[in-house]
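Fold and geometry: a report
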Amino acid sequence: MATHDKATLASQSLCDLLLSSVEREISGTTRNKARACCSLGVTTRFGYAFHRRNGLRVYLYGEVADGPHLKELAKHGLEVSTRKTMTSPWAQISPYYFDLDSEREVAAAVPLLCYAAGRVTSKDRKTRNYLSPSEESARTMTEGARITVQVSRIERDSSARKRCIQYFGAICIVCGFDFGRTYGDIGSGFIHVHHLNPLASAKGRRTVNPETDMRPVCPNCHEMLHRRNPPFTIEELKSKIS
C-alpha cells in the first residue's frame, strides 16, 4: 500500500473525495497523510484510509460491539468486513473495514465515518446513532452539540421532530413527495426534518422552535438543500425544480 502522494490518481481522487464528503458533515475534519495511511479526524482520528491500486481500504475507529450498527448504516453495495484477528491493540480499536472503489461507495461510506466520529467523541463510550444524510439531531428541544449523529428512523421519538411533523405534515415541503402515498404503510409518517439554520453553524447549544426553525423534507430535497454552504433556502430550491 502506497502513501497518498505515491498512490494512483484514482486512489488519490477517492481519498480527496472522502475527505471533502466527511468534512461537509463534520466541520473541521482534517486528513493526516501518514506514512502508512491517510487518517481522518477533528482532534482525534476516527477513520484510516489505506491506498490500494485503484481504491481505498478504510478502517473505522470503534469496538466489536459496533458491528450491528455499522452494518445497519451501510447502504446497498458497501460491505462492512471484520478483521480476521483481533490480537493487536490496533486491531482492537479498528475491528471493521470496507473497500471503496467508486464515488458512489464514497458517498455510502460517509454515515459510517460519522458514526465512528461519534464513538471517538463520546466520553461515556456509549453508542451514538448517525444522522442521515445531512439532518442534525433533534432528540431534545435544546440542540447544537458540535457533533451529533442520528438516523431519522430512530429520531421519531424526538419531541421537536414530532411537533414539526404534526404542524406541517409528513410531506416534503419542497417537492410535495409523500412516502405514505407512494409506499403505503411502510412509508407512512417517514420524512426528514431540515433545520433552516444549520446546527453546525451554532456556537454551543440553542433552543429551536419546530414550527419556525424546522421543515419536513424528503431525503432527495434534503441533500439538495445542503449542496451549498450555507444551505439553499426552501424557496430557492423550489425554483430549481424542473
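For the structure, see preceding data.
Let us now look at helix α5 (residues 159-168). What sets the pattern is the α-helix's 3.6 residues per turn: residues three or four places apart point alike. Among the residues of α5, those classed as buried are Ala-160, Arg-161, Cys-164 and Ile-165. Buried residues of α5, seen end-on, are gathered within an arc of 130° and therefore sit on one face of the element. At its buried positions, α5 is contacted by β8 (192-195), α7 (210-213) and β10 (214-217).

When the terminal C-alpha atoms of helix α1 (residues 9-25) are compared, their 25 Å separation across 17 residues agrees well with the 24 Å that a helix rising 1.5 Å per residue should span. Listing the buried residues of α1 in full gives Ser-11, Gln-12, Leu-14, Cys-15, Leu-18, Leu-19, Ser-21 and Val-22.

As a further point, take the pattern of salt bridges. One pass over the full model with this rule turns up 7 salt bridges. Measuring nitrogen to oxygen at the nearest pair gives 3.5 Å for the salt bridge that ties Asp-99 to Arg-52. Linking Asp-99 in strand β6 (residues 96-100) with Arg-52 in the loop between β3 (45-51) and β4 (56-60), this pair joins segments that are 47 residues apart in sequence. The partner of Glu-63 in a salt bridge is Arg-119, with the nearest N and O atoms 3.4 Å apart. Taken together, the residues span a long stretch of sequence, with Glu-63 in the loop between β4 and α2 (67-73) and Arg-119 in helix α4 (residues 103-121) at a distance of 56 residues.

For the rest of this paragraph, the subject is the side chain of Ser-94. Locating Ser-94 in the fold gives a position in the loop between α3 (89-93) and β6. Polar contacts involving the side chain of Ser-94 include one to the main-chain carbonyl oxygen of Trp-90, which spans 2.8 Å. In this structure Ser-94 touches Tyr-59, Leu-60, Gly-62 and Arg-83, once residues within four positions along its chain are discounted.

So, on to the packing of aromatic side chains. In this structure the tally under the stated criterion is 9 aromatic pairs. Judged by centre distance (6.2 Å) and plane angle (55°), the rings of Tyr-59 and Trp-90 are tilted. Placement of the pair is Tyr-59 in strand β4 and Trp-90 in helix α3, with a sequence separation of 31 residues. Judged by its relative accessible area of 12%, Tyr-59 falls in the buried class. The partly exposed category is assigned to Trp-90, whose relative accessible area is 31%. Summarising the aromatic geometry, the rings of Phe-177 and Phe-179 are spaced 4.9 Å apart at their centres and angled 85° between planes, so their arrangement reads as edge-to-face. For Phe-179, a relative accessible area of 12% gives the class buried.

Bringing the sheet that holds strand β2 (residues 38-41) into the picture now. If you walk across this open sheet you meet the 6 strands as β1-β2-β3-β4-β6-β5, and the pairing is antiparallel. Two strands in the sheet have a free side with no partner beyond their single neighbour: β1 (30-33) and β5 (81-82). Where β5 lies against β6, 2 bridges are found, and the strand directions are antiparallel. Bridging from a neighbouring strand, Thr-82 pairs with Tyr-96 of β6. Its contacts with the sheet place α1 against β1, β2, β3, β4 and β6, and it is angled at close to 35° to β4.

Within the largest apolar cluster, 33 residues are counted, with the highest numbers of intra-cluster contacts made by Leu-18, Phe-46, Leu-100 and Leu-112. Put simply, the parts of the chain that give this core at least two residues each are α1, β2, β3, β4, α2, β6 and α4. Here this core takes 11 residues from α4, the largest share from any one element. The next biggest cluster of nonpolar side chains, apart from the first, holds 19 residues, and it includes Ile-165, Val-217, Cys-218 and Leu-237.

Across all of its chains, the model carries 0 disulfides by this definition. Cysteine Cys-38 shares no disulfide, and the gap to the nearest cysteine sulfur, in Cys-15, comes to 3.9 Å. Given the relative accessible area of 1%, Cys-38 is considered buried.

Reading guide: rules and limits
Residues numbered from 1 in each chain as written. Predicted model: local features only at pLDDT ≥ 70, side-chain atom pairs only at ≥ 80, totals over all residues. Heavy atoms only, no water. Buried < 20%, exposed > 50% of the residue type's maximum accessible area, 1.4 Å probe, protein only. Helix = DSSP H or I, 4+ residues; strand = E, 2+ residues; numbered from the N terminus. Arc of directions from axis to C-beta. Contact = heavy atoms within 4.5 Å. Expected span 1.5 Å × (residues − 1). Salt bridge = Lys/Arg side-chain N within 4 Å of Asp/Glu carboxyl O. Polar contact = N/O pair within 3.5 Å; in protein donor to acceptor, adjacent residues only side chain to side chain. Phe/Tyr/Trp six-rings, centres within 6.5 Å; stacked < 30°, edge-to-face > 60°. Pairing = 2+ DSSP bridges. Axes fitted to C-alpha atoms, helices over the stretch in contact; angles between N-to-C directions. Core = buried A, V, L, I, M, F, W, Y, C linked by side-chain atoms within 4.5 Å. Disulfide = S-S within 2.5 Å.

What is shown is where atoms sit, not what they do.
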